[in-house]
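Structure at a glance
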Amino acid sequence: MARRATLKDVAAAAGVSVTTVSLVLNDRPARVSTEKREAIARAVKQLNYVPNQNARSLVTKQSKLVALIVPDIENLFFAALAKCVEDECAAQGYSLIVANSDDSRESEQALLRRLTSRGVDGVLLIPARESCAAGAGAALREDVERVTCPVVLIDRLTQCGWCDAVGFDNYLGGRLAAQYLLEGGHKRIGIVTGDVAESSAADRRRGFVDAIEQAGERFDPALCVSGDYRFDGGYHAADRIIDGGATAVFCCNDVMALGFRQRMAERGLRVTEDMQVIGYDNILKRFGLGWRMATVEQSVADLAAACWGMLRERIDVAVRAKSGTESGDARPWLSNPQVEVLTPKLVQAACA
Ligand code: RIB
């Protein structure tokens, strides 16, 4: 295999010093003529020079790598979020590593250890469902406190209060879904929830129930079924809600709504005419699957911009602290955590 071109090779080929090449390639302020910049660009191309990031990180004390740990990589919401986060990071010269905990605390703990040992500059973490269960928060907090780089929690446990976090107002989202169906004249409404041990699922259900009861209607617990945020969960919840006489259903994420609709189709039931369905996330339209179904949107683009903005700010402070140009608290994401709560919005059914 051919030897990898070095900075010295580029300097020799361009007829300039190694320092000049380094200043130009790192976009440092420098009085370098256009001719020399063009000569350097030609040499980089001819030699197929690729900066050695490992060597560079020893100097800059930065890997320019960040990690995103999602709980279910097969869930379209997290896939869409990963793409938006990647867009945000790449625009600022960072590379993203996406990892899947599969809602397992053990996997999440191993990933946190492995990724931080690789020297990532920051971690965006959507806690696994097992980490959100009652009594599991302390263990997750210990794991996060062992991490030496900045961490931002996303989407779940955003109200935990001990770490930087960004998420949506899930309680409001549940209320929006209920109000939409109540305004449609429905009185017997079912709900397919995520695992209510996890805060986003519990808050959506709580907002939904409060809105129904405050409207003077009765919430029937027999029409409340857990679907674990997964397709088969929505599918297997359908019979109980359909046979329970519901005329409408709130599926607490779009993936479960797909499963619910699949079962409706098998039973010859039409969306809207036979059962009104509202989902959550608004990630189906990009796959042409959102037809005839309203949903509560939590914009992945807004979530990605907010969590990356928060993490990048903490990374910059950490890098300055490493280079000695910043004093103060070593881990402000834990000692002085910021929480940003975004607002979900109702999106009417397309092609009704
Ligand atoms: O669809 C997956 C769900 O889990 C999303 O609604 C997101 O909020 C996450 O909590």
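Look up: the structure comes first, before these words.
Residues numbered from 1 in each chain as written. Predicted model: local features only at pLDDT ≥ 70, side-chain atom pairs only at ≥ 80, totals over all residues. Heavy atoms only, no water.

A look at the sheet that holds strand 7 (residues 224-226)
- As summarised here, the arrangement of the six strands in space is 7-6-8-9-10-12, forming an open sheet in which the pairing is mixed. Only two strands of the sheet have a single partner each, and these edge strands are strand 7 and strand 12 (345-347). Each strand axis lies, on average, 20° off the axis of its neighbour in the sheet, ignoring direction.
- Judged from the four bridges that link them, strand 6 (residues 189-193) and strand 8 (residues 248-251) form a sheet pairing that is parallel. Paired with isoleucine 191 across the strands is phenylalanine 250, a residue of strand 8. (Pairing = 2+ DSSP bridges. Helix = DSSP H or I, 4+ residues; strand = E, 2+ residues; numbered from the N terminus. Axes fitted to C-alpha atoms, helices over the stretch in contact; angles between N-to-C directions.)

Observations regarding the sheet that holds strand 5 (residues 165-168)
- On the basis of which strands lie adjacent, the open sheet formed by six strands has the order 2-1-3-4-5-11 and parallel pairing. What marks the edges here is a single partner per strand, and that holds for strand 2 (95-100) and strand 11 (339-342). Averaged over all pairs of adjacent strands, the angle between strand axes in this sheet comes to 15°, irrespective of strand direction.
- Both strand 1 (residues 65-70) and strand 2 contribute to a ladder of six bridges, which runs parallel. Directly across from leucine 65, in strand 2, lies its bridge partner serine 95.

Thoughts on the pattern of salt bridges
- Applying the stated criterion to the full structure yields 26 salt bridges.
- With a shortest N-O distance of 3.5 Å, aspartate 72 and arginine 230 are connected by a salt bridge. Pair noted here: aspartate 72 is in the loop between strand 1 and helix 5 (76-90) and arginine 230 is in the loop between strand 7 and helix 11 (231-243), with a separation of 158 residues, a long-range link.
- Residue classification places aspartate 72 among the buried residues on the basis of a relative accessible area of 8%. (Salt bridge = Lys/Arg side-chain N within 4 Å of Asp/Glu carboxyl O. Buried < 20%, exposed > 50% of the residue type's maximum accessible area, 1.4 Å probe, protein only.)

A closer look at the packing of aromatic side chains
- Tallying each qualifying case throughout the model produces five aromatic pairs.
- Here the aromatic rings of phenylalanine 77 and phenylalanine 78 are separated by 5.3 Å at their centres, their planes lie at 80°, and the arrangement is edge-to-face.
- A relative accessible area of 5% places phenylalanine 78 in the buried class.
- Relative to tyrosine 280, the ring of phenylalanine 250 lies with its centre 6.2 Å away and its plane at 45°, an arrangement referred to as tilted. Of the two residues, phenylalanine 250 is situated in strand 8 and tyrosine 280 in strand 9 (residues 276-281); the sequence distance between them amounts to 30 residues. For the pair formed by phenylalanine 250 and tyrosine 280, the shared burial category is buried.
- Here the aromatic cluster, defined as three or more aromatic residues joined through ring pairs, consists of Phe208, Phe219, Phe250 and Tyr280.
- Taking NZ or CZ as reference, arginine 204 lies 3.9 Å from the ring centre of tyrosine 280, over its face. (Phe/Tyr/Trp six-rings, centres within 6.5 Å; stacked < 30°, edge-to-face > 60°. Lys NZ or Arg CZ within 6 Å of the ring centre and 35° of its normal.)

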